[in-house]
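For reference, the chains in residue letters:
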Amino acid sequence: SGIDKYNKAQKNRVDKLNTIKIDTSGSNLNVLKHWINDHGTGDSIGGLALLTVAFDPPYFDTIPQGTPEAGKHILFQWGSEYNHQVTIVGYNDSIRYDFNHDGHYTNNIDINGDGKVNMLDWEIGAFKLANSWGVSFEDSGYVYLPYKLFADNYNFQNTVGVMTVKTIDKPDIIMNVKLSHPCR
């Protein structure tokens, strides 16, 4: 908060808004990973992606011991209402969660019984999400989202929003206003 932070933020503007859609076959999964890594262009910094999620009620568990990121939190089931936005800030293709409780972590077995092997059956790999609820949320504001659940996000057609930004030297106008009103 504060006018100094506001003024610094005014130098960054949205240039273009785009979406990346990932279907249950996993098409475009690498496109999203490359976007997060380096905007898919070899940039020295990566991008962020926005995703609508259903965290209520909270269906979080911890990543099993003996696997990468053990003890950190992972979403294992969507909630009932897609009503919250989070930011995808990274990914880890080694995250594991045993959705069918068979003691194995696989991406090549039909675990949901639909006769197909696709992302809906994957038990390996996850996106890292940053949540706006602050450091009290799960792992200091972060949680993992398995690729399996991402593929099962049908309410939003498995789509994430991405944007490119442009920097401007200075905004056209800046106002520092203090306003009072009896009704907020």
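Everything below is about the structure printed above this text.
Calculation rules
Residues numbered from 1 in each chain as written. Predicted model: local features only at pLDDT ≥ 70, side-chain atom pairs only at ≥ 80, totals over all residues. Heavy atoms only, no water. Helix = DSSP H or I, 4+ residues; strand = E, 2+ residues; numbered from the N terminus. Buried < 20%, exposed > 50% of the residue type's maximum accessible area, 1.4 Å probe, protein only. Salt bridge = Lys/Arg side-chain N within 4 Å of Asp/Glu carboxyl O. 1 Å grid on protein atoms, 1.4 Å probe; cavity = no way out; pocket = protein on both sides within 12 Å on 5 of 7 lines; lining within 4 Å. Points joined across faces, edges and corners; volume = space filled by probe spheres on them. Nonpolar A, V, L, I, M, F, W, Y, C, P; charged D, E, K, R; others polar. Contact = heavy atoms within 4.5 Å. Pairing = 2+ DSSP bridges.

Colleague: Describe the overall build of the chain, with residues and values.
Modeller: The secondary structure content of the chain amounts to three helices and eight strands. Start at the N end of the chain and walk to the C end: the helices and strands fall as α-β-α-β-β-β-β-β-β-α-β. Expressed as lengths along the three principal axes of its C-alpha atoms, the size of the chain is roughly 60 × 40 × 30 Å. Residues counted as buried form 36% of the 184 residues belonging to the chain.

Colleague: Break down the pattern of salt bridges for me, citing the residues and quoting the values.
Modeller: For the coordinates displayed, the defined rule picks out two salt bridges. In this structure, the salt-bridge partner of Lys33 is Asp93, at a minimum N-O distance of 2.8 Å. Of this pair, Lys33 sits in helix H2 (residues 29-38) while Asp93 sits in strand S5 (residues 84-96), placing them 60 residues apart in sequence. For Glu69, the salt bridge is made with Lys72, and the minimal N-O distance between the two is 2.9 Å. Taking the relative accessible area as the measure of exposure, Glu69 reaches 28% and is therefore partly exposed. The class for Lys72 is partly exposed, based on a relative accessible area of 33%.

Colleague: I'd love a proper account of the layout of surface pockets, names of residues and values included.
Modeller: Empty space among the atoms can be located by rolling a probe the size of a water molecule over them. Roughly 190 Å³ of volume is contained in the largest pocket. Contributing to the lining of the largest pocket are Trp35, His39, Gly46, Gly47, Leu48, Ala49, Leu50, Gly161, Val162, Met163, Thr164 and Val165. Within the residue set of the lining of the largest pocket, elements represented by two or more residues are strand S2 (49-53) and strand S8 (159-167). Take the lining of the largest pocket: its biggest share by element is five residues, from S8. Considering only residue class, the lining of the largest pocket consists of seven nonpolar, five polar and no charged.

Colleague: Tell me about the environment of Ser140, and please be specific about residues and values.
Modeller: Tracing the sequence through the fold places Ser140 in the loop between strand S6 (124-130) and strand S7 (142-146). Along the chain, Ser140 and Ala126 lie 14 residues apart, while their C-alpha atoms are 18 Å from each other.

Colleague: Can you lay out the environment of Ala49 for me, pointing to particular residues and giving the numbers?
Modeller: In this structure, Ala49 sits in strand S2. According to the relative accessible area criterion, Ala49 is buried, its value standing at 0%. Through-space distance from the C-alpha of Ala49 to that of Asp121 is 23 Å; in sequence the pair is 72 residues apart. Other than its neighbours up to four places away in sequence, Ala49 contacts Leu32, Val86, Thr87, Ile88, Val160, Gly161 and Val162.

Colleague: Could you give an account of the pairing of S6, naming the residues involved and the relevant values?
Modeller: Summarising burial for S6: six of the seven residues are buried, a large majority. In this structure, S6 lies alongside S7, joined through five bridges in antiparallel fashion. Across the sheet, Ala130 pairs through a bridge with Tyr142, a residue of S7.

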